[in-house]
Amino acid sequence: MAKVIKCCPKCGSPIEVRYLYQYDHTYKICKNGKLSKNYKTLDVGPIDVAIANCANPDCDVRWNEDDFDIENDRFVDYKYNPEE
């Protein structure tokens, strides 16, 4: 059963949603043949994955990509049922 929730169902702390992005670090090969310590960063965009977790580091509540949705800017939980 899906339910809109505002906080962690276990401890009541805030929920953090993370949208994962992919970045590219481009290194040059120096004249001595070694990899340069300097690099350019290129944002190649999202990888269409989101995860969520409780903001409390002592709490083990986590959601994978298929365990929740964001609908109308609200967190919809499919994993934890507060009635169980």
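Here, residues in each chain are numbered from 1, in the same order as that chain's written sequence. pLDDT decides what is reported in this predicted model: residues at 70 or higher carry local features, side-chain atom pairs at 80 or more are listed and counted, and totals for whole chains, interfaces and linings draw on all residues regardless. Only heavy atoms go into the side-chain values, all of them from the structure, while hydrogens and water stay out.

**Things to note about a nonpolar patch on the surface**
Where nonpolar side chains cluster on the molecular surface, the patch consists of Val17, Tyr19, Tyr21, Tyr23 and Ile70 and spans about 510 Å² of accessible area. Each helix is a run of H or I in the DSSP string that is no shorter than four residues. Each strand is a run of E no shorter than two, and both are numbered from the N terminus. Per element, the largest residue contribution to the nonpolar patch is 4 residues, and it comes from strand 2 (residues 15–29). Of note, Val17 is situated in strand 2. Accessible area is worked out with a 1.4 Å probe on protein chains only. A residue is then buried under 20% of its type maximum, exposed over 50%, and partly exposed in between. Using a relative accessible area of 31% as the deciding quantity, one classes Val17 as partly exposed. Think of a patch as exposed residues, more than 30% relative accessible area, with no salt bridge, where like charges cluster within 9 Å and nonpolar side chains (Val, Leu, Ile, Met, Phe, Trp, Tyr) cluster within 5 Å. Areas reported as accessible are Shrake-Rupley estimates using a 1.4 Å probe. Residue values count occlusion only from the protein chains shown. The term salt bridge refers to a pairing of a side-chain nitrogen on Lys or Arg with a carboxyl oxygen on Asp or Glu at a separation within 4 Å.

**A few points about the pattern of salt bridges**
In this structure the tally under the stated criterion is 3 salt bridges. With a shortest N-O distance of 2.8 Å, Asp60 and Lys10 are connected by a salt bridge. On the criterion of sequence distance, the pair formed by Asp60 in the loop between strand 3 (35–54) and strand 4 (62–63) and Lys10 in the loop between strand 1 (3–5) and strand 2 is long-range, its members being 50 residues apart. The partner of Glu16 in a salt bridge is Arg18, and the shortest N-O contact between them spans 3.0 Å. Relative accessible area serves as the criterion here: at 31%, Glu16 is assigned to the partly exposed category.

**Regarding a negative patch on the surface**
This count recognises Lys and Arg as positive and Asp and Glu as negative, with His and chain-terminal groups excluded. For charged residues, the charge sits on one atom: NZ in Lys, CZ in Arg, CG in Asp, CD in Glu. A contiguous patch of negative charge on the surface is contributed by Asp48, Glu65, Asp66, Asp69 and Glu71. Within the secondary structure layout, Asp48 lies in strand 3.

**Points about the environment of Val76**
Turning to its location among the elements, Val76 is positioned in strand 6 (residues 74–77). Along the backbone, Val76 and Val61 are 15 residues apart, and their C-alpha atoms lie at a distance of 15 Å. The contact partners of Val76, leaving out residues within four places of it in the chain, are Ala2, Lys3, Val4, Asp67, Phe68, Asp69 and Glu71. What makes two residues a contact is simply this: any of their non-hydrogen atoms within 4.5 Å.

**A word on the nonpolar core**
What makes a nonpolar core is a set of buried Ala, Val, Leu, Ile, Met, Phe, Trp, Tyr and Cys residues whose side-chain atoms join them at distances within 4.5 Å. Counting 11 residues, the largest nonpolar core is built from Ile5, Cys8, Ile15, Ala50, Ala52, Cys54, Cys59, Val61, Trp63, Phe68 and Phe75. Residue contributions to this core peak at 3 residues, all from strand 3. If sequence neighbours within four positions are ignored, Phe68 has contacts with Val17, Ala50, Ile51, Ala52, Trp63, Phe75, Val76 and Tyr78.

**What about the packing of aromatic side chains?**
Two rings from Phe, Tyr or Trp (for Trp, the six-membered ring) form a pair when their centres are within 6.5 Å of each other. A pair whose planes differ by under 30 degrees is stacked, one over 60 is edge-to-face, and the rest are tilted. All chains considered together, the criterion is met by 4 aromatic pairs. Taken together, the ring pairs connect Trp63, Phe68, Phe75 and Tyr80 into an aromatic cluster.

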